[in-house]
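Listed below are the residues making up each chain.
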Amino acid sequence: MKFNRRKFIKRLIVAIASIEAFFLIKEGISKSDNSSGKKELFNAGKADSFETNKTYPFLTGHFFLKRYDDGGFLAMSIKCTHLGCVVNNNIKTGGFNCPCHASQFNKYGEVLSAPATRPLDTFPITIENGEIFIDTNKAVKRKEFNKSQLTYA
Ligand code: FES
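A.B. asks: Outline the nonpolar core, supporting the account with residue identities and numerical values.
C.D. replies: Burial of nonpolar side chains together is a common tendency in soluble globular proteins. Core analysis: the biggest nonpolar cluster contains 14 residues, and Leu-74, Met-76, Cys-80, Val-87, Phe-96, Phe-105 and Leu-120 have the highest contact counts within it. Residues Ala-47, Phe-50, Phe-73 and Ala-75 belong to the second largest nonpolar core, which totals 13 residues.

Right, here's the structure in full:
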């Protein structure tokens, strides 16, 4: 087979142009994804509508919203910190149970029994004009519960 220099150069130019086009398209797509620069917050509703000592599941937002005795709110991820199964709200204890490997969490999301080793992640809450907004894009890992994690209306 005879080496054709002209053919080789043409193919090389097409290959370089294809690679460049790929990166331009990729960059364009990633820029358009963040074009608004705004984070979408989950509107959970009016703070007044939540009773104390109750857990409200928001499965589409992937969190439980809990209101404690003192009126403070905590939004906790529904994902078990062991391997990510969806935990169930334990109505009797106010805590959470994982159906996959039996981890248990107390009402603040702290581990009561393994294999999970850390509390349920939380999501930042902001309350504006009495409305509760949850930033479900920002799961916060924690070692334990403390009162500073609560948000008040
Ligand atoms: S995923 Fe929850 S205990 Fe394993």
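Read on for the rest.
A.B. asks: So what's going on with the environment of Gly-95? Which residues, and what values?
C.D. replies: Structurally, Gly-95 can be placed in the loop between strand 5 (88-89) and strand 6 (96-97). Judged by its relative accessible area of 1%, Gly-95 is buried. Spatially, the C-alpha atom of Gly-95 lies 4.2 Å from that of Asn-106, the residues being eleven residues apart in sequence. Aside from chain neighbours lying at most four places away, what touches Gly-95 is Asn-88, Asn-89, Asn-90, Phe-105, Asn-106 and Lys-107.

A.B. asks: Help me get a handle on the packing of aromatic side chains, residues and values and all.
C.D. replies: According to the stated counting rule, one finds ten aromatic pairs in the structure shown. Ring geometry for Tyr-68 and Phe-145: centres 6.4 Å apart, planes at 40 degrees, overall tilted. Placement of the pair is Tyr-68 in the loop between strand 3 (63-67) and strand 4 (73-77) and Phe-145 in the segment after strand 11 (131-134), with a sequence separation of 77 residues. Residue classification places Phe-145 among the buried positions, given a relative accessible area of 15%. Measuring from centroid to centroid gives 4.1 Å for Tyr-108 and Phe-145, while their planes differ by 20 degrees, and the two rings are stacked. In this pair, Tyr-108 sits in the loop between strand 7 (104-105) and strand 8 (111-113) while Phe-145 sits in the segment after strand 11, placing the two residues 37 residues apart along the sequence. Joined through ring pairs, the aromatic side chains of Phe-42, Phe-50, Tyr-56, Phe-58, Phe-63 and Phe-73 make up one cluster.

A.B. asks: Any chance you could break down the pattern of salt bridges for me, citing the residues and the numbers?
C.D. replies: Where charged atoms from two side chains of opposite charge approach closely, those side chains can pair. For the coordinates displayed, the defined rule picks out four salt bridges. One salt bridge connects Lys-46 with Glu-131, and the closest N-O pair in it is separated by 3.5 Å. Linking Lys-46 in strand 1 (residues 42-46) with Glu-131 in strand 11, this pair joins segments that are 85 residues apart in sequence. Put simply, Arg-118 and Asp-121 hold a salt bridge, and the shortest N to O gap is 2.5 Å.

A.B. asks: Break down the state of the cysteines for me, with residues and values.
C.D. replies: Using the criterion set out here, one finds one disulfide in the structure. At a sulfur-sulfur separation of 2.0 Å, the disulfide partner of Cys-85 is Cys-100. The sign of the -95 degrees torsion about the S-S bond sets the Cys-85-Cys-100 disulfide as left-handed. Note that Cys-85 is positioned in the loop between strand 4 and strand 5 and Cys-100 in the loop between strand 6 and strand 7, a separation of 15 residues in sequence.

A.B. asks: Please set out the sheet that holds strand 10 (residues 125-128) residue by residue, giving values where relevant.
C.D. replies: Across the sheet, which stays open at both edges, the three strands sit in the order 1-11-10 with antiparallel pairing between neighbours. Two strands in the sheet have a free side with no partner beyond their single neighbour: strand 1 and strand 10. When the angles between neighbouring strand axes are averaged without regard to direction, this sheet yields 25 degrees. In the sheet, strand 1 pairs with strand 11 via four bridges, with the strands oriented antiparallel. Bridging from a neighbouring strand, Lys-46 pairs with Glu-131 of strand 11.

Reading the values: the criteria
- Residues numbered from 1 in each chain as written.
- Predicted model: local features only at pLDDT ≥ 70, side-chain atom pairs only at ≥ 80, totals over all residues.
- Heavy atoms only, no water.
- Core = buried A, V, L, I, M, F, W, Y, C linked by side-chain atoms within 4.5 Å.
- Buried < 20%, exposed > 50% of the residue type's maximum accessible area, 1.4 Å probe, protein only.
- Helix = DSSP H or I, 4+ residues; strand = E, 2+ residues; numbered from the N terminus.
- Contact = heavy atoms within 4.5 Å.
- Phe/Tyr/Trp six-rings, centres within 6.5 Å; stacked < 30°, edge-to-face > 60°.
- Salt bridge = Lys/Arg side-chain N within 4 Å of Asp/Glu carboxyl O.
- Disulfide = S-S within 2.5 Å.
- Pairing = 2+ DSSP bridges.
- Axes fitted to C-alpha atoms, helices over the stretch in contact; angles between N-to-C directions.

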